[in-house]
Amino acid sequence: MKKFFKFSAYILLSGIVIFFVISVYFAVRFVSPNRVNIGPAPKVDNVTFENVTFRTNDNLNIRGWYSKPDTGNKVIILLHGYKANRLENFGKALMLKKYGYGVLTYDARACGESDGEHISLGYYETKDLFAAIEFVKSKGSREIGLIGFSQGGATIVQSSEFLPEEVKFVILESVFPDLRSAVNTRFVKYFGIPGVLGSLFMVPVSEFILKLDVDDVSPYNNIRKLHVPVLIMVGENDTSLPLKEAFLLSEVSNEPTEWHVIKNAIHKDLFEANSVEYEQ
């Protein structure tokens, strides 16, 4: 019996160690960069973009594509999702150019061709957004719209309290209410285990790497600080962000808020999923 208990304890301890090592691996992967060589700025259907670089206040070079407004000074800044890059928003950018808007689409830190060592799901990416706003302001824009998908939308909401008066509206696509619930949902979806168990070690290790508290990434707590009209959109068949979770943001938004569900869309670029409905 004594040997049995010693063997059981050894198996249990070994399991905990293996689980911890796997958690560390996933934590490192979770926040690691996703570098992609984007290439030269495109010219499509007489719409010309230019390669641009602007610098954040923590000294990172953020790279993207910019196309000036046809007339006036209205510019829309597009923010991509987790581990994506400016290419995710390119179709959307071309659609907006049809209406004469200026467009800036950029790679968030640690993504695409931008500098940075870690992805923080919208926390430090706020510095990239503020630098992007200053860039378009330097081009003469005094009317700015922000459109962000998933992490990009979370970045916008995390910035709510300090957005300048030039920002006139915000569109949030498939944005999680808080990072902890987003992690939990994905553990259930991809591994079939409760998120509180799957993230037991992974979340603390990620927090240690990023030097932040996971609960600091909370669009739900920050959206009430927005003082511009908000449009919230989500995919009808999004299993990574249940509709009831996405709807939470509209419940606490204290500004004129519209809500729209894109038919047949999952957790991906909503314009790509249903471009006609999105454009309308």
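Our subject in this report is the structure included herewith. (Residues numbered from 1 in each chain as written. Predicted model: local features only at pLDDT ≥ 70, side-chain atom pairs only at ≥ 80, totals over all residues. Heavy atoms only, no water.)

**Considerations on the nonpolar core**
Looking at soluble globular proteins, one finds that nonpolar side chains tend to be buried together.
Step number 1: Among the nonpolar cores identified, the biggest contains 54 residues, and Phe54, Ile77, Leu104, Tyr106, Leu129, Leu146 and Leu172 are the most heavily contacted of them.
Step number 2: Ranked by the residues each element gives to this core, the list is headed by helix H3 (residues 125–138), at 6 residues.
Step number 3: Not counting chain neighbours up to four residues away, the residues in contact with Leu129 comprise Ile77, Leu79, Tyr106, Leu146, Thr155, Ile156, Ser159 and Leu163.
Step number 4: Counting 19 residues, the second-largest nonpolar core is a separate cluster that includes Ala93, Met95, Val103 and Ile171. (Core = buried A, V, L, I, M, F, W, Y, C linked by side-chain atoms within 4.5 Å. Buried < 20%, exposed > 50% of the residue type's maximum accessible area, 1.4 Å probe, protein only. Helix = DSSP H or I, 4+ residues; strand = E, 2+ residues; numbered from the N terminus. Contact = heavy atoms within 4.5 Å.)

**Some remarks on the environment of Gly148**
Step number 1: Its place among the elements puts Gly148 in strand E9 (residues 143–149).
Step number 2: Relative accessible area serves as the criterion here: at 0%, Gly148 is assigned to the buried category.
Step number 3: Sequence separation of Gly148 and Phe162 is 14 residues, and the distance between their C-alpha atoms is 17 Å.

**Overview of the sheet that holds strand E10 (residues 167–173)**
Step number 1: Taken together, the 8 strands give an open sheet; going across it, the order is E4-E5-E7-E6-E9-E10-E11-E12, and neighbouring strands pair in mixed fashion. Bordering the open sheet on either side are strand E4 (50–55) and strand E12 (257–262), each of which pairs with just one other strand. Going across the sheet, the axis of each strand differs from the next one's by a mean of 20°, ignoring polarity.
Step number 2: Contacts from helix H4 (residues 151–158) reach strand E6 (74–79), E9 and E10, with the element oriented near 130° to E9. (Pairing = 2+ DSSP bridges. Axes fitted to C-alpha atoms, helices over the stretch in contact; angles between N-to-C directions.)

Remember, this is a structural readout, not a statement about activity or role.
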